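Spelled out from the first residue to the last, the chains are:
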Amino acid sequence: MNKCDITEDTIYQCFAAAMQGNNLTSTAKSFVDVEEYENQVMYPEFSRWARKAGYPKIAELFLKVAGEEKLHATWLRKMYENMGIPPRGEDTQRAIDALETIRKNSDTLIEADPKTVIEKALKVAIKVEQREYRDIYPSFRDQAIQAGQHEAAEIYQKVINSEEQHAQWFEAALKELEVAA
Ligand SMILES: [Fe+2]
Ligand SMILES: [Fe+2]
């Protein structure tokens, strides 16, 4: 009874990985696609869960981070003025479908065990941000350096620093939640 049967792995399916392309432009399109997905879909949904679970401060944090993901896309878009709406990446579409499946059960799960759902969402958010700042975006930055595109490399580095900060914010929120009664 009252057991939360949503796992971290299930929530992690909502993460869309940006893919490094053969050239900087295709990498940039995948980056913008993923950042805008996080801004428009993933973090707003996590925020909705937190609000429903009775954690308004965490809900605000998810929205704040969502806003910064939009900013990341905007920084890079400045270099690609004609990008328009990038094609929906395969992994992004898969993540959207996973989120949709979770959404069907999330309200019931949150009612049954609000704290556990939010703990898991925060743990996943930490993993997402860590993967981005440790692995994915450093390789985009290095691709830009190798192509002699120093401006793009600087933007990716700025994003890496920001994603690291997101991970730290989520870690602090998780600690606070875990010590709360
Ligand atoms: Fe981001
Ligand atoms: Fe982030």
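As a starting point, this report considers the structure included with it. (Residues numbered from 1 in each chain as written. Chains lettered and ligands numbered in written order. Predicted model: local features only at pLDDT ≥ 70, side-chain atom pairs only at ≥ 80, totals over all residues.)

1. Concerning the overall build of the protein
When helices and strands are counted, the protein shows six helices and zero strands. In the protein, the succession of α and β elements from N to C terminus is α-α-α-α-α-α. With the C-alpha coordinates of the protein rotated into their principal frame, the extents come out at 55 × 30 × 20 Å. Here the protein holds 181 residues, and the buried ones make up 37% of them. For the protein, the share of sequence-separated contacts (at least 6 apart) that also reach a separation of at least 24 residues comes to 79%. (Helix = DSSP H or I, 4+ residues; strand = E, 2+ residues; numbered from the N terminus. Buried ≥ 20, exposed ≤ 12 C-beta atoms within 10 Å, placed from the backbone. Contact = placed C-beta atoms within 7 Å.)

2. Quick look at the nonpolar core
Grouped together as the largest cluster of nonpolar side chains are 47 residues, with contacts concentrated most on Phe-46, Trp-49, Ala-50, Ile-58, Phe-62, Ile-118 and Ala-121. Looking at this core, the elements that each hand over two or more residues are helix 2 (24-53), helix 3 (56-77), helix 4 (90-112), helix 5 (114-146) and helix 6 (150-179). Of all the elements, helix 2 adds the most residues to this core, at twelve residues. Setting aside anything within four residues of it in sequence, one finds Ile-118 in contact with Trp-49, Ala-50, Ala-53, Tyr-55, Ile-58 and Leu-177. (Core = buried A, V, L, I, M, F, W, Y, C linked by C-beta atoms within 7 Å.)

The analysis is restricted to geometry; functional conclusions fall outside its scope.
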